[in-house]
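Residues per chain are reported as follows:
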Amino acid sequence: MLLQHTNTQVRFDQQNENAEAYVLPFIEKTHAINSATRVLEVGCGEGGVLLPFLKRDCYCLGVDLAEDRVRIANDILKEYVDKGQASFIFKNIYDQDFVDQYANDFDIIILKDVIEHVPEQQKFIPHLSRFLRPGGQIFFGFPPWYMPFGGHQQVCSGKLASKLPYYHILPRGLYIRLLRMMGEDEVKIRDLAEIWDTSITIGQFERYVKEAGLKIVNKQHYLINPIYKYKFGLKPRKQAAFVGYIPYLRNFVTTCVYYTVGL
Ligand SMILES: C[S@@+](CC[C@H](N)C(=O)[O-])C[C@H]1O[C@@H](n2cnc3c(N)ncnc32)[C@H](O)[C@@H]1O
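Being a predicted model, the structure only gives us computed values, none of them experimental.

Reading the values: rules and limits
- Per-chain numbering applies: the sequence of each chain, read as written, is numbered from 1 onward.
- Given that this is a predicted model, residues contribute local features only at a pLDDT of at least 70 and side-chain atom pairs are listed and counted only at 80 or more, while totals for whole chains, interfaces and linings are drawn from all residues.
- For helices, the fitted axis covers only the stretch in contact; all axes are lines through C-alpha atoms, and the angles between them, taken along N-to-C directions, range from 0 to 180 degrees.
- Helix and strand definitions follow DSSP, with helices as H or I runs of at least four residues and strands as E runs of at least two, each counted in order from the N terminus.
- For this classification, under 35 degrees means roughly parallel, over 145 means roughly antiparallel, 65 to 115 means roughly perpendicular, and everything else is oblique.
- It is the rotation of the near helix from the far one that decides the hand of a crossing: anticlockwise by less than a right angle makes it left-handed, clockwise makes it right-handed.
- We call two residues in contact when the distance between their C-beta atoms, placed using the backbone, is within 7 Å.
- Note on residue categories: nonpolar means Ala, Val, Leu, Ile, Met, Phe, Trp, Tyr, Cys or Pro, charged means Asp, Glu, Lys or Arg, and polar means any other residue, Gly included.
- In this scheme, strands are said to pair when DSSP sees at least two bridges between them.
- What we call a nonpolar core is a set of buried Ala, Val, Leu, Ile, Met, Phe, Trp, Tyr and Cys residues whose membership is set by joining through C-beta atoms within 7 Å.
- Whether a residue is buried, exposed or partly exposed is read from the other C-beta atoms within 10 Å of its own C-beta, which are placed from the backbone; 20 or more gives buried, 12 or fewer gives exposed, and intermediate counts give partly exposed.

Chemist: Now, about the packing of helix α9 (residues 172-181) against helix α10 (residues 186-198): what can you tell me, with residues and values included?
Modeler: Interaxial distance between α9 and α10 falls to 11 Å at its minimum, and their mutual angle equals 155 degrees. Of the possible angle classes, the one that applies to α9 and α10 is roughly antiparallel. In the packing of α9 onto α10, the handedness of the crossing is right-handed. Facing R172, Y175, I176, L179 and R180 of α9, the residues of α10 in contact are I189, L192, A193 and W196. Of the residues belonging to the contact of α9 with α10, the class tally is seven nonpolar, no polar and two charged.

Chemist: Tell me about the pairing of strand β6 (residues 215-224), and name the residues and values.
Modeler: In this structure, β6 lies alongside strand β8 (residues 256-262), joined through seven bridges in antiparallel fashion. Pairing of Q220 across the sheet is with Y258, part of β8. Relative to strand β7 (residues 237-238), β6 is paired through two bridges, and the arrangement is antiparallel. Among the inter-strand pairings, Y222 is bridged to a residue of β7, identified as K238.

Chemist: Explain the nonpolar core to me, and be specific about the residues and the numbers.
Modeler: Ranked by size, the top nonpolar core spans 57 residues in total, and within it V39, L50, C60, I109 and F139 carry the most contacts. The leading source of residues in this core is helix α2 (residues 8-28), at six residues. Residue contacts for F139: discarding those within four places in its chain leaves V23, I27, I108, I110, L111 and T260.

Chemist: Please give an account of the sheet that holds strand β2 (residues 59-64) that cites residues and values.
Modeler: Backbone-to-backbone hydrogen bonds join strands into a sheet, with any given pair of strands oriented parallel or antiparallel. Within the open sheet, the eight strands sit side by side as β3-β2-β1-β4-β5-β8-β6-β7. Their pairing is mixed. The open sheet is flanked by β3 (86-90) and β7, the only strands paired with a single partner.

Shape is all these values report; function is a separate question.
What follows is the structure, given as structure tokens:
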């Protein structure tokens, strides 16, 4: 178990640093970021991803289904909340009052390490586009399923269970049995089984985007995910571009993908 799994300030700082160095610059390649920009982050957690956007004077709304994380975001970013530049809410974006209030309202929507936790992504991705202003873009950053730690098994408490790559791609029942044999508790096993259920590959993601009537504006695949600096002490490395065109193989050797998509 890593420090960021138990210490919320550490997690916030890592979200902030990573967004400042990688997420914001990637989005800015295809969309202006300034005081007129309204940003929605779905699955904002502690809100650290939004801090670089707040520093650029954007209005930011963070939503999450984890109430405790939303409370932490409100605490840490109180200065911005108090002056009306940020809001963090515990909310399901399918709720009708949320749709009524925020339809066609955002220039940028961010889902960073979130889409792989969401069920029925082929329904969720088109729903997200309802919140875009004309010319708006959605950013997705996620670890594709077949990569070495695509099951998020690094969150396991056992040394072997957290360090062993690729075993998450076993059939579901076998994977769960193995986690149990390695001593993981039932809550952790339930969480990991949920990720098994919602897993998403590069090909599936691109297909859902297309089916939603959205276009890929920009993409970047990583051999070494920028957040592996915090997880494994590794230096981020971009994936060789040609690997991204090899449909099956790319999923096994790409630890993270960034996309911006738009209408
Ligand atoms: C791995 S965390 C990522 C947090 C943050 N975006 C980051 O980059 O560190 C995933 C977050 O997504 C939230 N989440 C999952 N499904 C969601 C949904 N349908 N709507 C809103 N939040 C969701 C979870 O509660 C969790 O806080």
